[in-house]
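Each chain is listed here by its residues.
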Amino acid sequence: MESLRLNGGTSHEDIKSGQEWETYEIIAGQRYLRASQKDRECRFFCGQEEFEYFWKVYFDLENDYKVYIDQINPRDTYLLTAADLGWGIRILHQDLWEMMVSFLISQQNNIVRIRRCISNICEKYGERHVTPEGRNYYGFPKPEALAALDEDALMECNLGYRSKYVVRTARSVASGETDLDRIREMPYIKAKEDLLKLFGVGQKVADCICLFSLHHLEAFPVDTHINQALEAHYKRGFPNRRYKGFQGVIQQYIFYYELHSDKRYHGLSKGKGKG
């Protein structure tokens, strides 16, 4: 078990609240982790080697996000407030294939349904594993497991019209037409161009994959929430030049604030953002 203090936390699924510690279960690819957090202290229930070579990288633990927050324009009260609310956010190093499927599923969808869809395809087409406590969990299905399906087969997993997006992408990856290793080595612009060639991948999905899998922190996905925030607070355009190289981190503070703030800070009338 690893125990350490962080200047930031992260978000997980399957939260189980305890009296002092909150415990989380995380599945990444075929791996399972149980982790607990109290204030700024986190405990990871895994071996030292697994922690060093996988989870430390996965959670981006060696990256100091305070460096990004310190560069926020001190006159930008909106963004300072958003960063304060989302201080623990980290950009995870997630699997490219898993993110391609997840964000194809995310289109015109909500978080509850996205989680259900992913859980469904994992249980139906993923490999079964057992946790140290003896409970079953299912890894993310390999491209080959989905490539042989009919295009509408994943409708049974509640994917709807997105089924054909996922199956066609699985076929492209399984056949080698889309080379994941090659995309991983590409700079941001080239990687995004390659991802846009996939059936069902548009600008936002490509940027999400670049940010959350390839760790291109300059990617700035724009969805409805972000677009509304930009229109309200950055009428002259978002100051990309000021945040060059880590726009995606800033995007996450904005996104989290728009979703989770109770607006108790609003004091933040429209137009309080600064370039």
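Report on the accompanying structure. Treat the numbers as computed from the prediction; the structure is a model and nothing was measured.

1. Focus: helix α5 (residues 111-125)
Thought 1: For α5, built from 15 residues, the straight-helix expectation of 21 Å at 1.5 Å per residue is met to within 8% by its first-to-last C-alpha distance of 21 Å.
Thought 2: For α5, the full list of buried residues reads I114, C117, I118, I121, C122 and Y125. Within α5, the buried residues cover an arc of 130° as seen down the axis, which keeps them to one side.
Thought 3: Contact partners of the buried residues in α5: α4 (96-105), β7 (136-138) and α6 (143-147).
Thought 4: Capping the start of α5 is the job of one residue whose side-chain oxygen sits 3.3 Å from the backbone nitrogen of V112: N110.

2. Quick word on unusual backbone geometry
Thought 1: Of note, the phi angle at Q108 is positive, near 50°, even though the residue is not glycine.
Thought 2: By relative accessible area, Q108 is classed as exposed at 74%.
Thought 3: One non-glycine residue with positive phi stands out, namely N158, at about 70°.
Thought 4: Secondary-structure assignment places N158 in the loop between α6 and α7 (162-174).
Thought 5: Look at N158 and you get partly exposed, because its relative accessible area is 37%.

What counts as what
- Residues numbered from 1 in each chain as written.
- Predicted model: local features only at pLDDT ≥ 70, side-chain atom pairs only at ≥ 80, totals over all residues.
- Heavy atoms only, no water.
- Helix = DSSP H or I, 4+ residues; strand = E, 2+ residues; numbered from the N terminus.
- Expected span 1.5 Å × (residues − 1).
- Buried < 20%, exposed > 50% of the residue type's maximum accessible area, 1.4 Å probe, protein only.
- Arc of directions from axis to C-beta.
- Contact = heavy atoms within 4.5 Å.
- Polar contact = N/O pair within 3.5 Å; in protein donor to acceptor, adjacent residues only side chain to side chain.

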